[in-house]
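Observations on the model geometry
Listed below, chain by chain, are the residues.
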Amino acid sequence: MEKTILIGGFGGQGVQTLGKLLAYTANEEEKRVTFAPAYGGEMRGGTSNCTVIISDSQIGSPTRQMLDIVVAMNVESFQKFEARVKPGGLLICNSSLVTQKTARTDITQLFLPANALAEEAGSDKTLNVVMLGFLSARGDLVGRSAAEAVVAEKLGKKEKFRAMNEKAFALGAAQAVAV
Amino acid sequence: MKAVYERNPLLMGSNKFCPGCGHPLLNKIIADVLAENNWAGDAITALCIGCALNMTPYVDWDLVQCPHGRAAAVATGIKHVQKSKLVFTYQGDGDAAGIGLTETFHAASRGEPFTQIMVNNQIYGMTGGQSSCTTLIGQKTTTSGPSGRDPAHTGYPTKLAEVIAMVDAAGYVARVSIHTPKHIRQAKKAIEKAFRLQMEENKYTFVEVLAMCPTNFHVEPWDAPAYTEEKVLPVFPLGEFKTPEGR
Amino acid sequence: MAKRELMSGNVAMAESAIRAGCNFFASYPITPQTTLLEYMSTRMFEVGREFIQAESEIGAINMVMGAAAAGGRAFTATAGMAVSLMMETLSYLCAAKLPSVVVNIQRTGAGAGGITSSQTDFHYATKSMGHGGLHAYVLSPGDVQEAADLVYDAFAFAEKYQCLVYILTDAMVAQVMEPVELKPMLENLPVREGSAQGSALGGTKRINTINRTDLRSLEGYRSFEAMYDTWQREEVRYEEYRMEDAEIVLVATGMSARIARGAIDTLRAEGVKAGMFRPITLYPFPTQQIRGFAQRGIKAVLDAEVAVPAQMIDDVDHALQGSLPLYKIDCTWNTVFTTEDIEKKLREVAQEV
């Protein structure tokens, strides 16, 4: 069983961090995993993206043309990566910035107001934690409790940040249940 | 019978240098400093490309022959692995001040605790007498053109000791000569001081030695000291440019 | 199995070098090597080893030479065009038989090139280590775990043969993060005999000097030749993937092999007997192994590489000596082929044979 996910956004949205948190969680669960940051001109400004592949067996290419899940954190990513969702796959959009509906009928589009929820948690910097809560609560990628533990370990340990991240994670997770 | 003079055992057999060349004399000065201070068993030399490498079969302590100009970088690597040892480069002016200026300058800037000895004879000797960055104004070389070095084309001689003396981390910088017995004694003192500051105070130290190359100065060996006095010293003044006690 | 840590190829190679006993690292920043340099800048101090950010790659590799000459376990890492700055001294390291390890994370193209991942330094790394025609032992890791393992083993190999080990890798290995199981920290390694540690009067060590006629002579160069023959016989490394009954074999290394692996699975699922042969040593190249393909019922070979004009294909061609039809799929710069591109090419080859 292999799951491929691409996360796109712009610099400052914590796209790379979200990818790494997913990868750390998968590793904690003793799955095979690759995290591939987008390198090249895309590293500075503009669109940033990364690919995470989680599998039970040896992983081939750490980047893929077609993906099971695409997370579009901004409009540019929606436009650029919408076509790269596999038929039957999932396109998750940060509806705080992306409101456009996909024209594709062979994929499922989900909306998550990630910026709004992050602000509700206390800072829009927790945008990526909201998204991790959402992704992990769906259960088919990584486990929710493992992801929560990784957030606690890898992100700010100060009480203020810890509480904020916990809230952000829970808000994202609650949306997954609602969907 | 009491021996009044013995050959320094660190010098082996004969050497391949030209008559009147400064290198074998300087090799002997260094060998004497090592022997007298019991440093020979701790010495590692990073040796340059050029006439200097004829020292290889002549001296009996550890030598590492470096790519042209890179002795200061190689010595940096040696010293970081052998911290308690006496590490010094032995380089020509083309090597240390020309092709290897970057390595020289940054080793000094980092304050790497080794000694650089630059033998300045104002010429590329091994390749047959081409211009160096230290060639004197008007000095004729195989690449200077018939009227000698012309500042309109190639500027002025590089005075590396003065440059290195401006580097904050340099602990000791001197220029010496070896064209008379008095100067030889001063040169020996400067080299000993440079080595001592390296070993005892972990300082980067630099000694530029003016050496004679009668072959390429186009003078007889016995006229080379006078040539040095009249032509070289006015351009390359001698002295300690930086000491731990202050300039 | 010990717990595997998630880390990038750069960090895995750096930590493996330290665990293998590397006690001297000098380097200069260049994308995509910088995270390796940054990791070493703190980690080497933690373990009480020597770290220098050099003034240039020329400085870095010459510091490596000095450290190796003085008995250190010396290491540097760089990328693309900066290898050119090191080339003179890489030749010296081979000629002087100074054990040392160099990582080149390849960048695209000639001149200034680009920072995208590529395989354009194959010829540069395998045909002659700088001037003079000597060789390094050149390794190409396929993923982060293998990068860690190859760097770890490189130090012992360099000591065994008194040679330069050159890890030729790419950004797909260097920047991708994967779970890695690291080998243990080696402690109390002896200082290599014959190194310049300060000695005189008979015990003198002369490294690379003009009177080293044992190396600087016809006999010396015959001994290098003999060492390379030994490597060709005993030290060739490669991986065969689904090769048992393969009729079409893809030859690829590093990032190309990684991209192609999924294509082999897809073609197998479609009933095509496809397999992959992945050279791990690029010098010595697995020439004899590839030469034996025709005797194994293999009908065609596809060379895949991220280099235009293709380079490794010359060695594959030399190995095959015309015994099998040879196809290629290559790319460069911003158009790295995908697994799907390779699947398509394999189908085309399958149609033709």
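Here goes a summary of the coordinates provided. Residue indices follow the written sequence of each chain, beginning from 1 at its first position. Labels follow written order: the first chain is A, the first ligand is 1, and so on. With the structure being a predicted model, the display of local features is reserved for residues of pLDDT at least 70 and the display and counting of side-chain atom pairs for 80 or more, all residues being used for whole-chain, interface and lining totals. The basis for every side-chain value is the complete set of heavy atoms in the structure, and neither hydrogens nor water enter the calculation.

Below, the discussion takes up the interface of chain B and chain C. Residue contacts follow a heavy-atom distance rule, with two residues in contact if any of their heavy atoms lie within 4.5 Å. Taken together, the 39 residues of chain B in the interface contact 36 residues of chain C. Note on chain B versus chain C: buried area summed over both sides is about 2800 Å², and carbon and sulfur give 59% of it. When residues of chain B are sorted by the area they lose upon contact with chain C, D62(B), Q65(B) and P67(B) head the list and together hold 20% of the total. Criterion for a salt bridge: a side-chain nitrogen of Lys or Arg within 4 Å of a carboxyl oxygen of Asp or Glu. Along the contact surface separating chain B from chain C lie three salt bridges. In this structure, the salt-bridge partner of D60(B) is R206(C), at a minimum N-O distance of 3.5 Å. What qualifies as a polar contact is a pair of N or O atoms within 3.5 Å, subject to a donor-acceptor requirement within protein and to the restriction that residues adjacent in sequence count only when both atoms come from side chains. One can count 19 residue pairs in polar contact (both at pLDDT 80 or more) joining chain B with chain C. At the level of elements, β1 (43-47), β2 (62-65), α2 (71-81) and α4 (101-110) of chain B are the ones that each hand at least two residues to the side of chain B that touches chain C. Ranked by residues supplied to the side of chain B that touches chain C, first place goes to α2(B) with seven residues. Lys, Arg, Asp and Glu make up the charged group, whereas Ala, Val, Leu, Ile, Met, Phe, Trp, Tyr, Cys and Pro make up the nonpolar group; the residues left over, Gly among them, are polar. By residue class, the composition of the side of chain B that touches chain C is 19 nonpolar, 11 polar and nine charged. Two strands pair when backbone bridges link them, and β2(B) and strand β9 (residues 206-207) of chain C are joined in this way by two bridges, in the parallel orientation. Across the sheet, the residue bridging to V64(B) is I207(C), located in β9(C). Reported buried area values correspond to the accessible surface (1.4 Å probe) lost by two parts on association, with both partners' losses combined. Put simply, DSSP marks the helices as runs of H or I at least four residues long and the strands as runs of E at least two long, and each gets a number from the N terminus on. Whether two strands pair comes down to DSSP finding at least two bridges between them.

Turning next to the environment of Y156(B). Here Y156(B) shows up in the loop between α5 (151-154) and α6 (160-165). Spatially, the C-alpha atom of Y156(B) lies 9.8 Å from that of V235(B), the residues being 79 residues apart in sequence.

Another aspect to go through is the nonpolar core. Counting 122 residues, the largest nonpolar core has M40(C), F75(C), L90(C), V165(C), I167(C) and F293(C) as the members making the most contacts within it. Considering every element that reaches this core, the biggest residue donor is helix α6 (residues 144-161) of chain C, with nine residues. Boundaries of every domain are those given by an automatic assignment or by a domain database. Looking at which domains feed residues into this core, each of domain 1 (5-188 + 204-234) and domain 2 (238-352) of chain C gives three or more. In this view, F293(C) contacts M243(C), V249(C), V251(C), F277(C), I298(C), V301(C), L320(C) and L324(C); residues no more than four positions away in its chain are not counted. Counting 44 residues, the second largest nonpolar core, distinct from the first, contains A121(A), V129(A), M131(A) and L6(C). We call a set of buried residues a nonpolar core when its members are Ala, Val, Leu, Ile, Met, Phe, Trp, Tyr or Cys and they connect through side-chain atoms within 4.5 Å of each other. Using a 1.4 Å probe on the protein chains alone, a residue whose accessible area is under 20% of its type maximum counts as buried, one over 50% counts as exposed, and one in between counts as partly exposed.

Residue and element names in this part refer to chain A. Lines are fitted to the C-alpha atoms to define the axes, a helix being fitted only along its stretch in contact, and any angle between axes, read from their N-to-C directions, falls within 0 to 180 degrees. Orientation of helix α1 (residues 15-28) relative to helix α4 (residues 127-137), taken along the N-to-C sense of each, is 35 degrees, at an axis distance of 9 Å. As for the relative orientation of α1 and α4, their crossing is right-handed in sense. Contacts from T17, L18, L21 and L22 of α1 reach α4 at N128, M131, L132 and L135. Taken together, the residues of the contact of α1 with α4 sort by class into six nonpolar, two polar and no charged. Left-handed describes a crossing in which the near helix is turned anticlockwise from the far one by less than a right angle; the clockwise case is right-handed.

This part covers empty space enclosed by the protein. With a probe scaled to a water molecule rolled over the atoms, the places where space remains empty come into view. Residue and element names in this part refer to chain C. Here a cavity denotes grid points, spaced 1 Å and computed from the protein atoms alone, that fit a 1.4 Å probe unable to get out, and a pocket denotes an open set having protein on both sides within 12 Å along at least 5 of 7 lines; residues with an atom within 4 Å of a point are the lining. Grid points are joined across faces, edges and corners, and a volume is the space filled by probe spheres set on the points. Using the criterion set out here, one finds three cavities of 30 Å³ or more in the structure. Computed from the structure, the largest cavity encloses a volume of approximately 90 Å³. Q106, Q119, F122, S140, L168, D170, T253, G254, L282, E305 and M312 together form the lining of the largest cavity. Taken together, the residues of the lining of the largest cavity sort by class into four nonpolar, five polar and two charged.

The next subject is the pairing of strand β2 (residues 24-27) of chain C. Residue and element names in this part refer to chain C. Neither face of β2 is exposed, since F24 and A26 on one face and F25 and S27 on the opposite face are all buried. Where β2 and strand β3 (residues 50-53) come together, four bridges link them in parallel fashion. Bridge assignment links A26 to a residue of β3, and that residue is I52. Crossover handedness is defined here as right-handed if the route from the first strand over the helix to the second strand goes clockwise, with the strands pointing away from the viewer. In the classification by handedness, the crossover that spans β2, the intervening helix α2 (residues 34-46) and the parallel β3 is right-handed. Of the strand pairs in this sheet, β2 and strand β4 (residues 74-79) are connected by two bridges, and their pairing is parallel. When the sheet's bridge partners are listed, F24 is paired in β4 with A74.

Here the focus is the pairing of strand β4 (residues 67-72) of chain A. All names here are of chain A. Across the six residues that make up β4, a large majority, six, are buried. Pairing analysis gives four bridges linking strand β1 (residues 2-10) to β4, with the strands arranged parallel. From the neighbouring strand, I5 faces β4, where its bridge partner is I69. In this structure, β4 lies alongside strand β5 (residues 85-94), joined through five bridges in parallel fashion. In the strand pairing of β5, V71 is matched with I92. Read as a crossover between parallel neighbours, the route from β4 over helix α2 (residues 75-81) to β5 is right-handed.

Turning our attention to the pattern of salt bridges. Taken as a whole and assessed by the stated rule, the structure comprises 43 salt bridges over all chains. Of the charged contacts, one joins K188(B) and E36(B) as a salt bridge, the two residues approaching to 2.8 Å between their closest N and O atoms. Separated by 152 residues along the polypeptide, K188(B) in helix α7 (residues 181-201) and E36(B) in helix α1 (residues 22-36) bring together distant segments of the chain. A salt bridge links K193(B) to E240(B); its shortest N-O distance comes to 3.1 Å. In this pair, K193(B) is assigned in helix α7 and E240(B) in strand β7 (residues 239-242), connecting sequence segments 47 residues apart. Given a relative accessible area of 26%, K193(B) falls into the partly exposed group. Salt bridges linked by common partners bring E15(C), R19(C), R43(C) and E46(C) together as one network.

Attention now moves to the sheet that holds strand β7 (residues 164-170) of chain C. Residue and element names in this part refer to chain C. One open sheet accounts for seven strands, arranged β3-β2-β4-β5-β7-β6-β13; its pairing is mixed. This sheet does not close on itself; its edge strands, each paired only once, are β3 and β13 (281-283). Taking the axes of each pair of neighbouring strands and ignoring which way they run, one obtains an average angle of 20 degrees across the sheet. Judged from the seven bridges that link them, strand β5 (residues 100-106) and β7 form a sheet pairing that is parallel. Considered in β7, the bridge of V101 is made with V165.

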